[in-house]
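Spelled out, the chains give:
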Amino acid sequence: MPHDPNDIAERYAHNAYVLRRKVFKLLGGAFHIYDPDGNVVLYSKLKAFRLREDIRLYPDESMETEILRIRTRSVWDIAGTYDVYDPIADETLGALRRKGLKSIFKDEWLFIDAQGNEVGKIKEDSAIKAMLRRANNLVASFMPQAYHADWGGHPVATYKQNMNPFVKKIAIDFSEDTGNRLDPRLGIAAAILLCAVEGKQ
């Protein structure tokens, strides 16, 4: 049964969310995204062993109505460009592109608008901390990642991880985006990719 468009819009109307990923090594994993009151507003079940990332989000675990899609452009997309599409509005919202070699030492992503222009960045908090995390898994568990995002040079979001071996959480905060520059659908997609893609390192 299709969801009410007003209900879907309300799911993107918050300044803060918590993304929780539970990982099942053989079966893939699942994302739950919660609003500030602890209600599930988005859900995705991931499949294991895929060559091409294709993440589909739904309002709940029934997965009856797809409301957001994140997909790589091709299997051979070395740059790591992920298009974000709203199937309800039939609208491409933009894309996120991983900064290849830079992300080996410090995670960095680009926001791409619907016209293909680079309009913002997501950067890991510290190169030194990033190197320490990559060098030692124990250090990483006590020094979770944090990211800051800008759009046109203006701060729009922060992403802060709280990690344990089985459940990864990211606190998403859009409160700095006073000019409403970042579409929350694109901002939430960024958090999902920080879990799904950076989590494979």
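For the structure, see preceding data.
Residue indices begin from 1 for each chain and proceed along its sequence in written order. Since the coordinates come from a predicted model, pLDDT governs what is reported: local features require at least 70, and pairs of side-chain atoms require 80 or more to be given and counted, while whole-chain, interface and lining totals use all residues. Only hydrogens and water are removed before side-chain values are computed, so all heavy atoms of the structure are retained for them.

Visitor: Whenever I open this one, the layout of surface pockets confuses me. Can you help?
Guide: Where empty space is left becomes clear once a probe the size of a water molecule has been rolled over the atoms. Put simply, the grid is 1 Å and covers the protein atoms alone, a cavity is a trapped set of points that fit a 1.4 Å probe, a pocket is an open set with protein on both sides within 12 Å along at least five of seven lines, and lining residues have an atom within 4 Å of a point. Grid points are joined across faces, edges and corners, and a volume is the space filled by probe spheres set on the points. By volume, the second largest pocket is sized at about 160 Å³. Every residue lining the second largest pocket is counted, ten residues in all, and those nearest its centre are Lys45, Lys47, Asp54, Arg56 and Tyr58. Each helix corresponds to a stretch of at least 4 residues labelled H or I by DSSP, and each strand to a stretch of at least 2 residues labelled E; elements are numbered beginning at the N terminus. Elements supplying a minimum of two residues to the lining of the second largest pocket: β3 (40-46) and β4 (54-57). Looking at the lining of the second largest pocket, its residues break down into four nonpolar, one polar and five charged. Three classes are used: nonpolar for Ala, Val, Leu, Ile, Met, Phe, Trp, Tyr, Cys and Pro, charged for Asp, Glu, Lys and Arg, and polar for all others, with Gly counted as polar.

Visitor: What is the right way to read helix α5 (residues 184-196) from this model?
Guide: For an α-helix, 3.6 residues make a turn, and residues three or four places apart therefore share a direction. Multiplying 1.5 Å by the residue count of a helix minus one yields the expected span of that helix. For α5, spanning 13 residues, the distance from its first C-alpha to its last is 18 Å, which sits close to the expected 18 Å at 1.5 Å a residue. The buried label applies to any residue whose accessible area, calculated with a 1.4 Å probe on protein chains only, is under 20% of its type's maximum; exposed applies above 50%, and partly exposed to all values in between. With twelve of 13 residues buried, α5 is to be regarded as a mostly interior element. Taken residue by residue, α5 has Arg185, Leu186, Gly187, Ile188, Ala189, Ala190, Ala191, Ile192, Leu193, Leu194, Cys195 and Ala196 as its buried positions.

Visitor: When you look at the packing of aromatic side chains in this model, what are you seeing that I'm missing?
Guide: When we look at a pair of aromatic rings, we describe it by the centre distance and by the angle of the planes. Note on ring pairs: Phe, Tyr and Trp rings are taken, using the six-membered ring of Trp, and paired if centres are within 6.5 Å. Classes follow the plane angle, with under 30 degrees stacked, over 60 edge-to-face and the rest tilted. Enumeration according to the criterion identifies three aromatic pairs in this entry. Centre to centre, the rings of tyrosine 17 and phenylalanine 174 are 6.2 Å apart; their planes meet at 65°, and the pair counts as edge-to-face. With a gap of 157 residues between them, tyrosine 17 in strand β1 (residues 16-24) and phenylalanine 174 in the loop between β12 (167-173) and α5 connect regions that are remote in the sequence. With a relative accessible area of 2%, tyrosine 17 lands in the buried category. Accessibility expressed as a relative area gives 7% for phenylalanine 174, which makes it buried. Consider the rings of phenylalanine 111 and tryptophan 151, whose centres lie 5.5 Å apart with planes at 45°: the pair is tilted. Placement of the pair is phenylalanine 111 in strand β8 (residues 108-112) and tryptophan 151 in strand β10 (residues 146-151), with a sequence separation of 40 residues. As far as the burial class goes, phenylalanine 111 and tryptophan 151 line up, both buried.

Taken by themselves, the reported measurements are silent on function.
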